[in-house]
Amino acid sequence: MKKLILCILFSTAMNCFAQLSESPQDTKASKETVNLYQNLFTIQKNGQYLFGHQDALAYGVKWKYVSGRSDFHDLTQDHPGLYGWEIGGIELGHNQNLDSVPFGKMKQFIQQGYEKGAAITISWHGANPLTGGSAWEVTPGTVAAILPGASKHLEFLSQLDKVAAFIADLKGSKGEAIPILFRPYHELTGGWFWWGAKTTSPEQYKQLFIMTYEYLVEKKGLHNLLFVYNTGGDFATKEAFLASYPGNKYVDIVSFDIYQPATEGKESNYSNQLSQHLSILEQIGKELHKPVAVAETGYNKIPINDWWTNSLARGLAGHQFAYVLLWRNAGFKPKENDMEFYIPYPGHNSATNFLQYIKQAEVLTTKKLKQFKLYSK
Ligand code: BMA
């Protein structure tokens, strides 16, 4: 009550209710989006969480585009509770993303995942809008160049138009907009993306996030987005996590990404770090009234047999958060001459342990999600 009174004193009543209730910040959010958001709060309070996988339905280790197939399904005969997709390349008008997934197919996969009752999240490794290079082209002044009034602003808005058109086209069987957990400009604390901390001040980052929110929600009229604020795994305090936070009005979910480094084996500090970071985020989530998420995680190639129960589950244990997403099973990458996969496939050395982990009651897959009906009250 005290919070509500303070809020009304300093803001409009509408904003206060949006901020303090379990409603998305967009007061015009669609019914399905509001229901999804409220169900994320409920899941989190229950001590459960959605288990997600990036690009699950598109390809896996040694296969591509087999209808209904995923490495997850091959192992579990079930599906993830959350699907991650990546739209890098859409801003340039490409017909496939930077990992060669055709956007037409991606739309169908998103519809399939939604119809199965799972949640959908989208990341965006957009090209550098100043140089035309990749998302990893870290050029000083890039964000400054696309903010209102700067030289590349209008060009950047036309890129956002393409993002908006893709999202506007994601429809369920009754024509309703499919709710999307949208995670733009991710891992902002790192120095490897053009929007990262190396070349972008906290003020510039906030402006970029707010500009994007306002353009997509208010100008383009998209009311199916839940905005996910996302840092790398390199923060040690609440203040560090929130340094570039654009404000409660523009954020629905707070999250971070964390990976076990290839160089660390059994003696890794991964579980401890995961757990410590979650403790910080739980506190922030409570104060800001936002669900918490681990938006990307994993250990490439999973070289430890019991990594699932002994590392991942151990780090997550006892925490309240809404979802965790494992990164993509790209398989063999000729350019790097290396394999990339974050969940096992049949025959992999961690497959048995993965099945044991997935069976745990708190790990929500499509089958276990039936009780929630994510998009209904
Ligand atoms: C990275 C790797 C890359 C990929 C990028 C965007 O972590 O998986 O191969 O291009 O994500 O999906």
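Numbers given for residues are sequential positions, taken from 1 along each chain in its written order. At least 70 in pLDDT is required for a residue's local features to be given in this predicted model, at least 80 for side-chain atom pairs to be given and counted, and no such filter applies to totals for whole chains, interfaces and linings, which use all residues. Note that water and hydrogens are dropped before the side-chain values are worked out from all heavy atoms of the structure.

**Observations regarding the packing of helix H7 (residues 153-168) against helix H8 (residues 202-219)**
Next, step 1: Here an angle of 0 to 180 degrees is reported between the N-to-C directions of two axes, which are lines fitted to C-alpha atoms, with helices fitted over the stretch in contact. Strands here mean DSSP runs of E at least two residues long; helices mean DSSP runs of H or I at least four residues long; both are numbered from the N terminus. At a minimum axis separation of 11 Å, H7 and H8 run at an interaxial angle of 55°. In this view, H7 runs oblique relative to H8, as classed from their interaxial angle. Crossing handedness for the pair H7 and H8: right-handed. For the pair H7 and H8, the contacting residues are His153, Phe156, Leu157, Leu160, Asp161 and Ala164 in the first and Leu208, Met211, Thr212, Tyr215 and Leu216 in the second. Any angle from 65 to 115 degrees is called roughly perpendicular, while one under 35 is roughly parallel, one over 145 is roughly antiparallel, and all others are oblique. Handedness of a helix crossing follows the sense of rotation of the near helix relative to the far helix, less than a right angle counterclockwise being left-handed and clockwise being right-handed. Contacts between residues were defined by any pair of non-hydrogen atoms, one from each residue, lying within 4.5 Å.

**Points about the layout of surface pockets**
Next, step 1: As defined here, a cavity is a set of points on a 1 Å grid over the protein atoms alone where a 1.4 Å probe fits but cannot get out. A pocket is an open set with protein on both sides within 12 Å along at least five of seven lines, and residues line them when an atom is within 4 Å of a point. Grid points are joined across faces, edges and corners, and a volume is the space filled by probe spheres set on the points. The calculated volume of the largest pocket comes to roughly 960 Å³.
Next, step 2: Lining the largest pocket are 33 residues, with Asp99, Trp327, Arg328, Lys333 and Glu340 sitting closest to its centre.
Next, step 3: Elements with a contribution of two residues or more to the lining of the largest pocket: strand S2 (59-60), strand S3 (63-64), strand S8 (253-259) and strand S11 (331-333).
Next, step 4: Across the lining of the largest pocket, the residue classes tally to 13 nonpolar, seven polar and 13 charged.
Next, step 5: Approximately 340 Å³ is the volume found for the second largest pocket.
Next, step 6: For the second largest pocket, the lining is made up of 17 residues, of which Tyr114, Glu115, Gly117, Lys373 and Tyr375 are closest to its centre.
Next, step 7: Here the element with the most residues in the lining of the second largest pocket is helix H3 (residues 31-45); it accounts for three residues. Gly is put with the polar residues, along with every residue not named as nonpolar or charged; the nonpolar set is Ala, Val, Leu, Ile, Met, Phe, Trp, Tyr, Cys and Pro, and the charged set is Asp, Glu, Lys and Arg.

**A look at the site of the ligand**
Next, step 1: Near the ligand the following residues occur: Glu86, Asp99, His125, Trp136, Trp327, Arg328, Lys333 and Glu340.
Next, step 2: Nitrogen and oxygen atoms within 3.5 Å of one another constitute a polar contact, given that in protein one can donate a hydrogen and the other can accept it, and given that sequence-neighbouring residues count only through two side-chain atoms. Residue Asp99 places a side-chain N or O atom 2.5 Å away from an oxygen atom belonging to the ligand.
Next, step 3: Within the side chain of Arg328, a nitrogen or oxygen atom sits 2.8 Å from an oxygen atom of the ligand.
Next, step 4: Burial of the ligand by the surrounding chains reaches 80%, relative to a free accessible area of 310 Å².
Next, step 5: Taking a 2 Å distance to the grid points as the criterion, the majority of the atoms of the ligand fall inside the largest pocket.
Next, step 6: When its residues are assigned to classes, the shell around the ligand shows two nonpolar, one polar and five charged. The rule for a residue being near a molecule or strand is that one of its heavy atoms must lie within 4 Å of it. Calculation of accessible area relied on Shrake-Rupley with a 1.4 Å probe; when residues are assessed, cover is drawn exclusively from the protein chains displayed. Each molecule is checked against the cavity or pocket grid, and it sits inside if more than half of its atoms lie within 2 Å of the grid points.

**Focus: empty space enclosed by the protein**
Next, step 1: Inspection of every chain in the model, using the stated rule, returns one cavity of 30 Å³ or more.
Next, step 2: In this model, the largest cavity occupies a volume close to 30 Å³.
Next, step 3: Taken together, Gln54, Gly84, Trp85, Thr121, Ile122, Ser123, Arg183, Ala295 and Leu325 make up the full set of residues lining the largest cavity.
Next, step 4: Ranked by residue count, the leading element in the lining of the largest cavity is strand S5 (residues 119-123), at three residues.

**Considerations on the pattern of salt bridges**
Next, step 1: A side-chain nitrogen of Lys or Arg and a carboxyl oxygen of Asp or Glu constitute a salt bridge if their distance falls within 4 Å. In total, this model carries 15 salt bridges according to the counting rule given.
Next, step 2: The partner of Lys206 in a salt bridge is Glu203, and the shortest N-O contact between them spans 3.7 Å. With Lys206 and Glu203 both in helix H8, this residue pair falls three residues apart, about one helical turn.
Next, step 3: Each residue is assigned to one of three classes by its accessible area relative to the maximum for its type, calculated with a 1.4 Å probe on protein chains only: buried under 20%, partly exposed between the two thresholds, exposed over 50%. The class of Lys206 is partly exposed, set by a relative accessible area of 21%.
Next, step 4: A residue is classified by how much of its surface remains accessible, and Glu203, at 47% relative accessible area, is partly exposed.
Next, step 5: For Glu336, the salt bridge goes to Lys333, with nearest N and O atoms at 3.8 Å.
Next, step 6: Through salt bridges with shared partners, one network takes in Asp99, Arg328, Lys333, Glu336 and Glu340.

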